[in-house]
Amino acid sequence: MTNSLEKILKRTEWFREDRFGMFIHWGLYAIPGRGEWVKTYEKMTNEQYHQYFEAFNPVDYDPKAWAKAAKEAGMKYVVLTAKHHDGFCLFDSKYTDFKSTNTTIKRDLIAEYVEALREEGLKVGLYFSLIDWHHPDYPKYNDWHHPMSGVEAYKDEVIDFDNYLNYMHNQVEELVTNYGKLDILWFDFSYGEMTGEKWRAEELMAMVRKHQPDVVIDNRLETSGEAFGSIVSENPSNYSGDFFSPEQLLPPEGIKNNAGQPIPWELCITMNNNWGYNPMDKVYKSSKTLIRKLVECVSKNGNMLLNVGPDAKGKMNQESLRILSDFHLWMTDNQESIYGCGMATDLAKPEWGYYTQNGNVLYAHIFDQPIGPLALPGLDKTNIKRASLLRDGSEIKVSNSWTTKAFSDVTYLEFGGVSHFTYPLPDDI
Ligand code: JFZ
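The shown structure was predicted, so the numbers you read here are calculated from the model rather than taken from an experiment. (Residues numbered from 1 in each chain as written. Predicted model: local features only at pLDDT ≥ 70, side-chain atom pairs only at ≥ 80, totals over all residues. Heavy atoms only, no water.)

A. Up close: the overall build of the protein. If you tally the helices and strands in the protein, you get 10 helices and 12 strands. Taken over the C-alpha atoms alone, the protein extends approximately 80 × 45 × 40 Å along its principal axes. Evaluated residue by residue, the protein yields a buried proportion of 57% over its 429 residues. Within the protein, counting contacts between residues at least 6 apart in sequence, those at least 24 apart form 68% of the total. Across the protein, 44 positive and 61 negative side-chain charges occur, with their mean positions spaced 4 Å apart. (Helix = DSSP H or I, 4+ residues; strand = E, 2+ residues; numbered from the N terminus. Buried < 20%, exposed > 50% of the residue type's maximum accessible area, 1.4 Å probe, protein only. Contact = heavy atoms within 4.5 Å. Lys, Arg positive; Asp, Glu negative; His and termini not counted. Charge placed at Lys NZ, Arg CZ, Asp CG, Glu CD.)

B. Inspection of the packing of helix α9 (residues 287-299) against helix α10 (residues 318-334) at higher detail. Where α9 meets α10, the axes come as close as 9 Å, and the angle between the chain directions of the two elements is 55°. Between α9 and α10, the angle falls in the class oblique. The interaxial crossing formed by α9 with α10 has right-handed handedness. Residues S287, L290, I291, L294 and V295 of α9 touch α10, and the partners they reach there are R322, I323, D326, F327, W330 and M331. (Axes fitted to C-alpha atoms, helices over the stretch in contact; angles between N-to-C directions. Parallel < 35°, antiparallel > 145°, perpendicular 65-115°, else oblique. Left-handed = near helix turned anticlockwise from the far one by under 90°.)

C. Quick look at α10. With 17 residues, α10 ought to run about 24 Å at 1.5 Å a step, and its terminal C-alpha atoms sit 24 Å apart, in line with that. Taken as a whole, α10 has its buried residues at S320, I323, L324, F327, W330, M331 and N334. What you see down the axis of α10 is that its buried residues fit within an arc of 125°, all on one side. Along α10, exposed side chains directed more than 90 degrees from the buried face belong to Q318 and L329. Close packing links the buried residues of α10 with β1 (20-24), α5 (63-72), α9, β7 (303-308) and β9 (361-366). (Expected span 1.5 Å × (residues − 1). Arc of directions from axis to C-beta.)

D. Up close: the sheet that holds strand β12 (residues 412-413). In spatial order, the strands read β10-β12-β11; together these 3 strands make up an open sheet with antiparallel pairing. Only two strands of the sheet have a single partner each, and these edge strands are β10 (374-375) and β11 (398-399). Pairing geometry for β11 and β12, over 2 bridges, is antiparallel. Opposite V398, over in β12, you have L413 as the bridge partner. (Pairing = 2+ DSSP bridges.)

E. Representation of the environment of M44 in the model. Looking at the element boundaries, M44 is found in the loop between α3 (38-41) and α4 (46-55). You can call M44 buried: its relative accessible area is 7%. The spatial distance from the C-alpha of M44 to the C-alpha of M148 is 8.0 Å, given a sequence separation of 104 residues. Beyond its immediate sequence surroundings of up to four residues, M44 is in contact with R34, V38, K39, Y49, Y52, P147 and M148.

F. Geometry of the pattern of salt bridges. Overall, the coordinates contain 21 salt bridges when judged by the stated rule. Put simply, E120 and K68 hold a salt bridge, and the shortest N to O gap is 3.6 Å. You can see E120 sitting in the loop between α6 (109-119) and β3 (123-129) and its partner K68 sitting in helix α5, a full 52 residues away along the chain. Given the relative accessible area of 47%, K68 is considered partly exposed. Note that K300 and E296 form a salt bridge whose closest N and O atoms lie 2.7 Å from each other. This pair shows no difference in class: K300 is buried, exactly as E296 is. Members of the salt-bridge network, linked through shared partners, are R11, R209 and D242. (Salt bridge = Lys/Arg side-chain N within 4 Å of Asp/Glu carboxyl O.)

G. Spatial organisation of the sheet that holds strand β5 (residues 216-217). What the 7 strands build is an open sheet, ordered β5-β4-β3-β2-β1-β7-β6; its pairing is parallel. Bordering the open sheet on either side are β5 and β6 (266-269), each of which pairs with just one other strand. Note that β6 and β7 share 4 bridges and pair parallel. Bridging across to β7, E266 finds its partner in N303.

H. Up close: the site of the ligand. Around the ligand, the structure places 13 residues, and the nearest of them are H25, E36, H84, H85 and D188. Residue H84 places a side-chain N or O atom 2.9 Å away from an oxygen atom belonging to the ligand. A distance of 3.3 Å separates an oxygen atom of the ligand from a polar atom in the side chain of R220. Look at the ligand: alone it shows 440 Å² of surface, and the protein chains cover 80% of it. In terms of residue class, the shell around the ligand is built from 5 nonpolar, 4 polar and 4 charged. (Near = heavy atom within 4 Å. Polar contact = N/O pair within 3.5 Å; in protein donor to acceptor, adjacent residues only side chain to side chain. Areas by Shrake-Rupley, 256 points an atom, 1.4 Å probe, with all protein chains shown as cover. Nonpolar A, V, L, I, M, F, W, Y, C, P; charged D, E, K, R; others polar.)

I. Spotlight on the nonpolar core. With 104 residues, the main nonpolar core has W26 and F327 as its most contacted residues. At 8 residues, the largest contribution of residues to this core is made by helix α7 (residues 161-178). Here F327 is in contact with F20, A73, L290, I291, L294, M304 and L306, once residues within four sequence places are set aside. Among the nonpolar cores identified, the runner-up in size contains 13 residues, and W14, W186, W275 and L305 belong to it. (Core = buried A, V, L, I, M, F, W, Y, C linked by side-chain atoms within 4.5 Å.)

J. Region of interest: the packing of aromatic side chains. Taken as a whole and judged by the stated rule, the model has 31 aromatic pairs. Arranged with centres 5.5 Å apart and planes meeting at 75°, the rings of Y49 and Y52 form a pair that is edge-to-face. Taken together, the positions of Y49 and Y52, both in helix α4 and 3 residues apart, correspond to about one turn of that helix. When its relative accessible area of 2% is taken as the criterion, Y49 is described as buried. (Phe/Tyr/Trp six-rings, centres within 6.5 Å; stacked < 30°, edge-to-face > 60°.)

K. Fine view of the pairing of β9. One ladder, built from 6 bridges, connects strand β8 (residues 353-358) with β9; its direction is antiparallel. Opposite Y354, over in β9, you have H365 as the bridge partner. A loop of 2 residues connects β8 with β9, the two strands running antiparallel in sequence, and G359 in this loop sits at a positive phi of about 60°.

What follows is the structure, given as structure tokens:
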């Protein structure tokens, strides 16, 4: 088994077509409501954190409602935290007691989620943390990612890391065998020396690919934040993953490998400034900003995975639902400029916004209102068969003789001007 860009592109065909997905960070940490890193940030022991395991009772858990919300917003796939760094499993793992089936709710929440997504025709994604703050054999003292990092009592810890790896591999095997066909596996994350073979990644991937040959996998089995990983090399490793996963950062020019070939990537992004539920964090990005980020990702051959952090009862909050419904309105009119689209060939980014392209159809996403005709630099009028407004199909005249002949070598879309035959552009994209 060897990997290659060709295989990566084949596996990600649907993924690059779909362009837009939902990330869901949800687990015990929704109860304190201070983000998914609360255990480490507040240096809680397993015993202290256990109160949330005892309190966990998401009576409003309704993955069908989540699936509907995602679908309505135009998202084509969803990725849910089956296990985050705190080690709590939303699935019925036989290798631990620290799982949803042992809480008051007594349900395999992943099984219900997977079923709900399939019912809505959405692709199924699972996030799985490589890091585990709960397992006794995960390194503590010398690892700043761990709640017990630097705590003297753990200075002389003796761990059997291989035992942890067996546990981790076994859990991944449960996920890839017990829930039918998975579309995405989102591992998280590698750092410093904790990367690649340290996870016994070759063996892990061979097992995953045996059960799920086509599943699309992120690149975080290799060091993610500190280096691009072998996915950008000319010989990607077997665990390079299938897409690059920049976090809260939109790569300025998309992502290319060392040979200059574009590779698949997906921006993951929060609506406020937390992945896990945090009711104190009210600083939400506007819907307009988020919609524009989606356009920008697509214009650079990328995907966008927009996060929601449901609350302790299992509900998505009003702020998140409002943003999703704004996406719904926008996608209703403009989805054609997102699905199956990518970077415009041979055209520089126009100063008024972004282009996306699908085959010989070019989409102009006009972020800056023109006060008159909109110049399309680099485009020859004779190459444009027809121009129309996406929302209603109405024709937009294309000209290159606007008011003064001095600019007649430029092609224009005629709208927003003062003439009786033009009309204003709606004040959104
Ligand atoms: C990770 C998680 O720690 C976080 O809780 C969330 O799930 C996010 C999507 O992924 O965050 C990271 C992972 C890697 C880096 C930074 C944040 N990194 O390597 O820089």
